[in-house]
Amino acid sequence: MIAFRNTIIAVVVISLFTFIALFGRLPALRKTPIGFSHRLLCIYVPNGFRRVDARYTGGRMSRSIARLTHYLFQEKNPLVLLLFLTLLTGSATLFLKAALPHLETKFILPIPIVLLAPYTFTYLCVTSTVDHITPANHAAAMRTYPYDHILFRPENVCRTCNLVKPARSKHCSLCGVCVARCDHHCAWVNNCVGRHNYRWFLQVLLSIGIVEIYGAYLCWHILSPHLHLGNSKYGWLEKQYWAELGNAFVFAMSIGGIGISGVGLLAVTTLPLPFALFGYHVYLIWAGMTTNESAKWADWRDDMTDGVAWIGKKTSGIKNDELASESEEEEEYIPWPRISDQVLVSTTDGKAPTGQEHLWEKATSLDMVENIYDLGFWRNFIAVLQGK
Ligand SMILES: [Zn+2]
Ligand SMILES: [Zn+2]
């Protein structure tokens, strides 16, 4: 029973840490306990450790850990992918070995499809390199999206690739290339999630969620007959009722052992991860932006809060350095359903650009700014499915 309790604690702790590691950096969660826990784990605790280490070992341990974390987080490596595949394969093997003898055929039949899906979509995501921008496909990448002159401007050149950055692209230092419609570099699939493999990435999340739901359901199906509820002489407001319920639950779980109960519990506690991430990406599709762009919008929102962002119209005759450098080279026309005349600048002194004050208006909210990449939820969603 103690081993079982320790397994439960370990599963809960691992799930919590994974959740914080995955979501703590999201701009939307910056001011929540999740964001604080992320800063605590990634900034405050390491800083404290570095100070102690510098004092007692001259910083030797910090240097080894820095080398390791650099390899883990700053270099392309398959460790997270391997960990995920090991966890999935290990859990599935343990579960199937213990559960198959207890399951009717109708419950066994969907298992191959449900279980193969995450492997298939992960494979598609991992091996996809179509989004990597090379000199050969650069011209086509430049014709995909127009510049919005807010998040993406045509004068930005990637110094590593030595190519003009197409709108919505981003250079990934881990992959070493610029990535078309870059969403984010995903350690989970050891690749960048971009224009074409974004749909596979969403399917990875969804298929993992489905595996977990189905696994948890089968676990419940096998164990629920052992869960003797409803014959308690106590009312549900009494403490004894909940104690009995807890005991009945623990008894049923102990029958399942690690193979059924342990794996089922792991499935239930980690279920929020793929679904929360999937929900976040549905929100991004609704808002017409990538994870990379959501961070850029968050920066603009911060500038607006600080009162240093100014909005104007290109056709109103405004002149500023950014527009001047853009006009030096004629921008190629890209057919796109939405165009915008807006230009957004942030000034260091918080004042409107000198000499043209009357042409600029203080930008106080993102609602004032048009996102030309947002074509409405349905069209955004279809574009994602088509890899466009
Ligand atoms: Zn690049
Ligand atoms: Zn990458």
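Each chain carries its own residue numbering, running from 1 in the written order of its sequence. Chain letters and ligand numbers both follow the written order, the letters beginning at A and the numbers at 1. Per-residue local features of the predicted model are confined to residues with pLDDT of at least 70, and side-chain atom pairs are confined, for both listing and counting, to 80 or more; whole-chain, interface and lining totals are unaffected and use all residues. Side-chain calculation: all heavy atoms of the structure are included, whereas hydrogens and water are not.

> Hey, could you run me through the overall build of the protein chain in this one?
What the protein chain contains, in helices and strands, is 13 helices and 10 strands. The proportion of buried residues among the 388 residues of the protein chain is 40%. Partitioning the contacts of the protein chain with sequence separation of at least 6, the portion at a separation of at least 24 is 69%. Each accessible area is a Shrake-Rupley estimate made with a 1.4 Å probe; only the visible protein chains count as cover when residues are assessed. When the accessible surface of the protein chain is summed, it comes to about 22200 Å², and 64% of that surface belongs to carbon and sulfur atoms. Counted as positive: Lys and Arg. Counted as negative: Asp and Glu. His and the chain ends are not counted at all. Each charge is placed at NZ for Lys, CZ for Arg, CG for Asp and CD for Glu. Positive and negative charge centroids in the protein chain, built from 35 and 30 side chains respectively, lie 10 Å apart. Going along the chain from the N terminus, every DSSP run of H or I of four or more residues is numbered as a helix, and every run of E of two or more is numbered as a strand. Only protein chains enter the accessibility calculation, which uses a 1.4 Å probe; a residue is then buried when its area is under 20% of its type maximum, exposed when over 50%, and partly exposed in between. By definition in these notes, contact holds between two residues if any of their heavy atoms fall within 4.5 Å.

> How should the coordination of the zinc ion (ligand 1) be read in this particular structure?
Each donor-metal-donor angle would ideally measure 109.5 degrees in four-coordinate tetrahedral geometry, or 90 or 180 degrees in six-coordinate octahedral geometry. In this analysis a donor is any N, O or S atom within 2.8 Å of a metal ion (3.2 Å for sodium, potassium and calcium), and since water is not included, sites may seem incomplete. Around the zinc ion (ligand 1), the protein contributes the donor atoms C158 (SG), C161 (SG), H171 (ND1) and C178 (SG), which lie 2.0 to 2.3 Å from the metal centre. By the criteria applied here, four donors are tetrahedral when all angles lie between 85 and 135 degrees, four are square planar and six octahedral when opposite donors are over 155 degrees apart and every other angle lies between 65 and 115, and any other arrangement is irregular. Here the zinc ion (ligand 1) binds four donor atoms, and the angle range of 101 to 120° at the metal identifies the geometry as tetrahedral. Along the chain, the residues donating to the zinc ion (ligand 1) fall in the pattern C-x2-C-x9-H-x6-C. Overall, the relative accessible area of 18% leaves H171 in the buried class.

> Can you walk me through the domain arrangement of the protein chain in this structure?
One frequent convention defines the size of an interface as the accessible area lost when the parts assemble. For the protein chain, the assigned domains are domain 1 (1–75), domain 2 (78–131 + 181–286) and domain 3 (287–375). Each of domain 1 and domain 2 has a C-alpha centre, and these two points are 24 Å apart. The interface of domain 1 with domain 2 comprises 14 residues on the first partner and 15 residues on the second. Between domain 1 and domain 2, roughly 1300 Å² of surface is buried when both sides are summed, and carbon and sulfur atoms account for 89% of that area. Think of a salt bridge as a Lys or Arg side-chain nitrogen and an Asp or Glu carboxyl oxygen that are within 4 Å of each other. For the pair domain 1 and domain 2, the interface holds zero salt bridges. Think of a polar contact as two N or O atoms within 3.5 Å of one another; within protein, one of them needs to be a possible hydrogen donor and the other a possible acceptor, and neighboring residues in sequence only count if both atoms come from side chains. Our enumeration of links across domain 1 and domain 2 arrives at zero residue pairs in polar contact (both at pLDDT 80 or more). Where the side of domain 1 that touches domain 2 is concerned, the elements lending two or more residues are α1 (2–23) and α3 (60–74). Residue contributions to the side of domain 1 that touches domain 2 peak at 10 residues, all from α1. Gly is placed with the polar residues, together with every amino acid not listed as nonpolar (Ala, Val, Leu, Ile, Met, Phe, Trp, Tyr, Cys and Pro) or charged (Asp, Glu, Lys and Arg). When the residues that make up the side of domain 1 that touches domain 2 are grouped by side-chain class, the tally is 11 nonpolar, three polar and no charged. Domain delimitation follows an automatic or database domain assignment. Note on terms: buried area is the combined drop in 1.4 Å-probe accessible area of two parts once they are placed together, counting the loss on both.

> Sorry, what's going on with the sheet that holds strand β9 (residues 342–346) here?
By way of backbone hydrogen bonds, the strands of a sheet pair with one another, either parallel or antiparallel. A sheet is described by the order of its strands in space; here three strands give the open sequence β9-β8-β10, paired in antiparallel fashion. Whereas interior strands pair on both sides, the edge strands pair on one side only; in this sheet they are β9 and β10 (361–362). Two strands make a pair as long as DSSP finds a minimum of two bridges between them. Where strand β8 (residues 309–313) lies against β10, two bridges are found, and the strand directions are antiparallel. Residue pairing for β10: I311 is matched across the bridge by E361. Every axis in this analysis is a line fitted to C-alpha atoms, fitted for helices over the stretch in contact. Angles between the N-to-C directions lie between 0 and 180 degrees. Where helix α11 (residues 291–305) meets the sheet, its contacts fall on β8 and β9, and the angle it forms with β9 comes to roughly 65°.

> Would you explain the packing of helix α6 (residues 111–127) against helix α8 (residues 198–223) in this entry?
Angle between the axes and distance between the axes: these two values describe a pair of packed helices. Here α6 crosses α8 at 155°, and the two axes come no closer than 8 Å. In this view, α6 runs roughly antiparallel relative to α8, as classed from their interaxial angle. In the crossing of α6 with α8, the sense of the turn from one axis to the other is left-handed. For the pair α6 and α8, the contacting residues are I111, V114, L115, A117, P118, F121, T122, L124 and C125 in the first and W200, F201, Q203, V204, S207, I208, I210, V211, Y214 and L218 in the second. A class-by-class count of the residues in the contact of α6 with α8 yields 16 nonpolar, three polar and no charged. For this classification, under 35 degrees means roughly parallel, over 145 means roughly antiparallel, 65 to 115 means roughly perpendicular, and everything else is oblique. Should the near helix be turned counterclockwise from the far one by less than a right angle, the crossing is left-handed, whereas a clockwise turn marks it as right-handed.

> Where do I start with the nonpolar core in this structure?
One recurring pattern in soluble globular proteins is that nonpolar side chains are buried together. By size, the foremost hydrophobic cluster in this structure holds 59 residues, and its most contacted members are Y198, F201 and L344. Listing elements by their share of this core, those giving two or more residues are α4 (79–99), α6, α8, α9 (239–270), α10 (272–287), α11 and β8. Sorting elements by how many residues they give to this core places α8 first, with 12 residues. For this core, the two domains that each supply at least three residues are domain 2 (78–131 + 181–286) and domain 3 (287–375). Look past the residues within four positions of F201 in its chain and what remains in contact with it is C125, H184, C186, V193 and H281. Nonpolar cores are built from buried Ala, Val, Leu, Ile, Met, Phe, Trp, Tyr and Cys residues. Side-chain atoms within 4.5 Å join them into one set.

> Quick question: what am I supposed to make of the coordination of the zinc ion (ligand 2) here?
For the zinc ion (ligand 2), every protein donor is listed as C172 (SG), C175 (SG), H185 (ND1) and C192 (SG), and the spread of their distances is 2.1 to 2.3 Å. For the zinc ion (ligand 2), the four donor atoms in the first shell make angles of 101 to 118° at the metal, a pattern classed as tetrahedral. Mapped onto the sequence, the residues coordinating the zinc ion (ligand 2) show the spacing C-x2-C-x9-H-x6-C. Classification of C192 as buried rests on a relative accessible area of 2%.

> How should α10 be read in this particular structure?
Residue pairs spaced three or four apart in an α-helix point in one direction, given the helix's 3.6 residues per turn. By definition here, a helix of n residues has an expected span of 1.5 Å times n minus one. For α10, with 16 residues, the first-to-last C-alpha span of 22 Å sits near the 22 Å given by 1.5 Å per residue. Among all positions of α10, only L273, P274, L277, Y280, H281, L284, I285 and A287 are buried. Relative to the axis of α10, the buried residues are bounded by an arc of 165° and lie together on one face. The first or second residue beyond α10 is G288, which carries a positive phi of 70°. In this description, one arc is meant: the one made by directions from the helix axis to the C-beta atoms.

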